[in-house]
Amino acid sequence: MREVLANWPHDDVRMIVVTDGERILGLGDLGANGMGIPIGKLTLYTACAGVPPRQCLPITIDVGTDNTHLRESASYMGLRQPRLRGAAYDALLDEFVEAVQERFPHVCLQFEDFGNHNAFTLLDKWRDRMCTFNDDIQGTASVTLAGLYSAARITGTPITDMRLLFLGAGEAGIGIGDLVVEAMTEEGISSADAHSRCWFMDSKGLVVKSRTDLAVHKQPYAHDHPPVGSFLEAVETIKPHAIIGVSGMPGTFTAPVLAAMARHHARPIVMALSNPTSKAECTAREAYATTDGRAIFASGSPFAPVTHKGRTHVPGQGNNAYIFPGVGLGVIVADSSRVTDEMFAAAARTLASTVTEDDLAMGRIYPSLSRI
Ligand code: NAD
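Here is what the cut-offs are and how they apply
- Note that residues are indexed from 1 along each chain, following the sequence as it is written.
- Note on the predicted model: pLDDT of at least 70 is required for a residue's local features to be given, and 80 or more for side-chain atom pairs to be given and counted; whole-chain, interface and lining totals, by contrast, use all residues.
- Side-chain measures here rest on the full set of heavy atoms in the structure, leaving out hydrogens and waters.
- Runs of E in the DSSP output that reach at least two residues are strands. Runs of H or I that reach at least four are helices, and both are numbered from the N terminus.
- Partly exposed describes any residue whose relative accessible area lies between the buried limit of under 20% and the exposed limit of over 50%, with all areas from a 1.4 Å probe on protein chains only and scaled to the type maximum.
- We define a salt bridge as a side-chain nitrogen of Lys or Arg found within 4 Å of a carboxyl oxygen belonging to Asp or Glu.
- Helix span, expected: 1.5 Å multiplied by one less than the number of residues in the helix.
- Each C-beta atom gives one direction from the helix axis, and the arc is the one those directions make.
- Think of it this way: one heavy atom of a residue within 4 Å of a molecule or strand is enough to make that residue near it.
- Under this definition, polar contacts are N or O atom pairs within 3.5 Å; protein pairs additionally need one hydrogen-donor-capable and one acceptor-capable atom, and for neighbouring residues in sequence, both atoms have to be side-chain atoms.
- Only the protein chains shown count as cover for residues, and the accessible areas themselves come from Shrake-Rupley with a 1.4 Å probe.
- Gly counts as polar in this scheme, as do all residues outside two lists: the nonpolar Ala, Val, Leu, Ile, Met, Phe, Trp, Tyr, Cys and Pro, and the charged Asp, Glu, Lys and Arg.
- Note on pairing: DSSP must find at least two bridges between two strands before they are called paired.
- Between the N-to-C directions of two axes lies an angle of 0 to 180 degrees, each axis being a line fitted to C-alpha atoms and, for a helix, fitted only over the stretch in contact.
- The contact criterion used throughout is that any non-hydrogen atoms of two residues lie within 4.5 Å.

Draft legend 1. Unusual backbone geometry, seen in detail. Across the junction of Asn275 and Pro276, the peptide omega takes the value -10°, indicating a cis bond. Tracing the chain through its elements places Pro276 in the loop between strand S9 (269–272) and helix H11 (284–290). Of note, Leu25 is a non-glycine position whose phi angle comes to about 45°, a positive value. Mapped onto the elements of the fold, Leu25 is located in the loop between strand S1 (15–19) and helix H2 (36–49). We note that Asp113 has phi near 60°; this positive angle belongs to a residue other than glycine. Along the polypeptide, Asp113 turns up in the loop between strand S3 (108–111) and helix H5 (116–126). Assessed through its relative accessible area of 2%, Asp113 is described here as buried.

Put into structure tokens, the structure is as follows:
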């Protein structure tokens, strides 16, 4: 790792985006083909925040791939071996992070599109020891929190009074939950109260106390509630103000789910955040048509405006690119030694404050991308 990093011709690298290609967008394990992600994200640092390209270094660590289709493809350029796992993987990543700190002492290291388990482990291990963050966990959380602040201006329900139901309890879902809890407690309610407002459903059902299979990061959200198997039943029981899709499972916000949301709330909040567009939990058209145009809809990937009964609705795009370039620029300018959750909460409030009344009138809870 040290030798490879020593080869890089620029010394003043301030931003690294690194992936191991295991969970690229909602597309899964793309192995070495994940390289488009670090390059693309760093391009956004330059385009959105003016960070000079020579201060940006994209990295993919090729540890093999469990995608057998890729391994057998004649044109695949990565290692044709199953993913390195366990102690050997951890040691390699430790070597990498230590080598980065030595070679570029002022760098901010952004982890991107790692598999769920490694993402949480790496963040927990390094967040208090160097300038680092995980965009899938913290950046997503910030942009979603901003959307909820904007939606609150439309519905009149402050976030501290909202019940949120997440479909998907992975990096994105739990990251959002944790930042929402932080924001709610900053606004005066207790941490227990804030946790009780966030409900999660994963591939095994509703996250409830009686389950014995819950990963550590899900446990604070396990409520005293009978098990619920279907998302529709969860919506009918919990009557959430917002449903937040971070499952990578397209079509899971079905017409009955959206209709139930519209029955329970005048302006239901529907965030179908799974990427790319083909993975979104529902389309913009489905959200508006099934709720008679009342849904406040946002997605992770772009959807075109939808005209329903003569009115045009503009879907918001909850794109992390509203957050990470600005946070990174702030970190560089301040020569910050850590990236904190408070920074992401501040970024969320700042982003929400740029949403105009005209945006809200069109149903848009983020500023137009052209103003990014
Ligand atoms: P992850 O693998 O960490 O988590 C996925 C979660 O979905 C897991 O909890 C899994 O149990 C759950 N799940 C899978 N199938 C399900 C089903 N049928 N019903 C209920 N739950 C199910 O992945 P992640 O990093 O959390 O990302 C999830 C999705 O969110 C991806 O599609 C990603 O593109 C998207 N995402 C969007 C944004 C954004 O829009 N700003 C940012 C980050 C991630």
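Anyway, onward from the coordinates.
Draft legend 2. Looking closely at the pattern of salt bridges. Applying the stated criterion to the full structure yields 22 salt bridges. One salt bridge in this structure joins Glu22 and Arg85, with 3.0 Å as the shortest N-O distance. Placement of the pair is Glu22 in the loop between S1 and H2 and Arg85 in the loop between helix H3 (68–71) and helix H4 (86–103), with a sequence separation of 63 residues. Between Asp213 and Arg211 there is a salt bridge, and its shortest N-O distance comes to 2.9 Å. Taking the relative accessible area as the measure of exposure, Asp213 reaches 39% and is therefore partly exposed. For Arg211, a relative accessible area of 16% puts it in the buried group.

Draft legend 3. Focus on H2. With 14 residues, H2 ought to run about 20 Å at 1.5 Å a step, and its terminal C-alpha atoms sit 19 Å apart, in line with that. Taken together, the buried positions of H2 are occupied by Ile37, Pro38, Lys41, Leu42, Tyr45 and Ala49. Buried residues of H2 fall within an arc of 125° about the axis and therefore sit on the same side. Looking one or two residues past H2, Gly50 carries a phi angle of roughly 70°, positive in sign.

Draft legend 4. Region of interest: the site of the ligand. The full set close to the ligand counts 24 residues, and Arg23, Asn116, Ala172, Gly318 and Asn320 are the nearest of them. Between the ligand and Ser203, the relevant distance is 3.3 Å, taken from an oxygen atom to a main-chain nitrogen or oxygen of the residue. Interatomic distance of 3.1 Å between a backbone N/O atom of Asn275 and an oxygen atom of the ligand. Here the ligand loses 85% of its free accessible area of 860 Å² to cover by the protein chains. Elements represented by at least two residues in the shell around the ligand include exactly helix H7 (171–186) and strand S6 (198–202). For the shell around the ligand, the per-class residue count stands at eight nonpolar, 13 polar and three charged.

Draft legend 5. Structural view of the sheet that holds strand S2 (residues 56–60). Pairing within the open sheet is parallel, and its four strands lie in the order S2-S1-S3-S4. The sheet is open, and its two borders are formed by S2 and strand S4 (132–134), each paired with just one other strand. This sheet shows a mean twist of 20° between the axes of neighbouring strands, independent of strand direction. Bridge analysis of S1 against S2 gives five bridges, and the strand direction is parallel. Residue pairing for S2: Thr19 is matched across the bridge by Thr60. Helix H6 (residues 135–155) rests against S3 and S4 of the sheet, and its axis sits at about 75° to S4.

Draft legend 6. Structural context of H5. Listing the buried residues of H5 in full gives Asn118, Ala119, Phe120, Leu122, Leu123 and Trp126. Next to the buried residues of H5 lie H4, S3, S4, H6 and H7.

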